[in-house]
Amino acid sequence: MPDLDTLLTYTAVVLGLFLIPGPAVLLVLARASVGGRRVGIATGLGIAAGDLLHTAMATIGLSAVLMTSALAFSLVKYAGAAYLIYLGFRALFERSGDLRLGSARLVDARLAFRQAVLAEVLNPKTALFFLAFLPQFVHPEQGSVAVQLVVLGLVFVVMSAVYTVLIAFAAGRVADWLARHRRIGRWQGRVIGAIYLGLGIRLALQER
């Protein structure tokens, strides 16, 4: 199990990522606005289910790397940190426009769930993110890497499911708020970029 300090840090970072409206939140809002609360909840749960599959794949892959050698796992962590730093700089300097809800056609809850799962599972950026993000909070000296990865992944999935369900319940108010504060999109990259860069710096200081 990850220690309490690691879990608290991890939870805070994940919460920070969720609080800035991203593609998943905008998709849930668009679905809920067109199809209602039930369709919005189904979309959010589909995204969480896709993240669960990414967690399973990351756990299998990273556990196999550690079985090769501890050095290989350290190299994966450094590569992941470098990727997060790259994403951080790109987000900081990328020009972001105003936030706008995308268009969504009317579908039932089952189809919305399946489409959300498929979209999340087939997103290569999400797969790379999990492979880069989760190892930053894993400490092989504290026990099974696989168990730590599963716990971290499940925390992410549960937080994602709860957050998107709440968004679906409050879709009308959230959509209205975003409509009045579209410029938040211009700050989105800066906040997320700072979080990614912070993770990379955290690893560098930790190793020292």
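Above this text is the structure in question.
Residues numbered from 1 in each chain as written. Predicted model: local features only at pLDDT ≥ 70, side-chain atom pairs only at ≥ 80, totals over all residues. Heavy atoms only, no water.

A. Quick peek at the overall build of the protein chain. A tally of regular secondary structure across the protein chain gives 9 helices and 0 strands. Mapped in sequence order, the helices and strands of the protein chain form the string α-α-α-α-α-α-α-α-α. Burial status across the protein chain gives 44% buried among its 208 residues. (Helix = DSSP H or I, 4+ residues; strand = E, 2+ residues; numbered from the N terminus. Buried < 20%, exposed > 50% of the residue type's maximum accessible area, 1.4 Å probe, protein only.)

B. The packing of helix H1 (residues 4-19) against helix H7 (residues 145-169), seen in detail. As a packed pair, H1 and H7 sit with axes 11 Å apart at the nearest point and diverge in direction by 35°. Seen along the crossing, H1 lies across H7 with a hand that is right-handed. Contact residues: Leu7, Tyr10, Thr11, Val14, Leu15, Phe18 and Leu19 in H1; Val151, Leu152, Gly153, Val155, Phe156, Met159, Ser160 and Tyr163 in H7. (Axes fitted to C-alpha atoms, helices over the stretch in contact; angles between N-to-C directions. Left-handed = near helix turned anticlockwise from the far one by under 90°. Contact = heavy atoms within 4.5 Å.)

C. Expanded view of the environment of Ala132. With respect to the helices, strands and loops of the structure, Ala132 is situated in helix H6 (residues 124-133). Taking the C-alpha atoms as reference, Ala132 lies 6.8 Å from Tyr83; in sequence the two are 49 residues apart. When near neighbours in sequence (up to four residues on either side) are disregarded, Ala132 contacts Gly80, Tyr83 and Leu84.

D. Molecular detail of the packing of aromatic side chains. Under the counting rule described, the total for this entry stands at 11 aromatic pairs. Seen from their ring centres, Phe129 and Phe130 are 6.1 Å apart, and the 85° between their planes marks the pair as edge-to-face. Taken together, the aromatic side chains of Tyr10, Phe18, Phe129, Phe130, Phe133, Phe137, Phe156 and Tyr163 make up a single cluster linked through ring pairs. (Phe/Tyr/Trp six-rings, centres within 6.5 Å; stacked < 30°, edge-to-face > 60°.)

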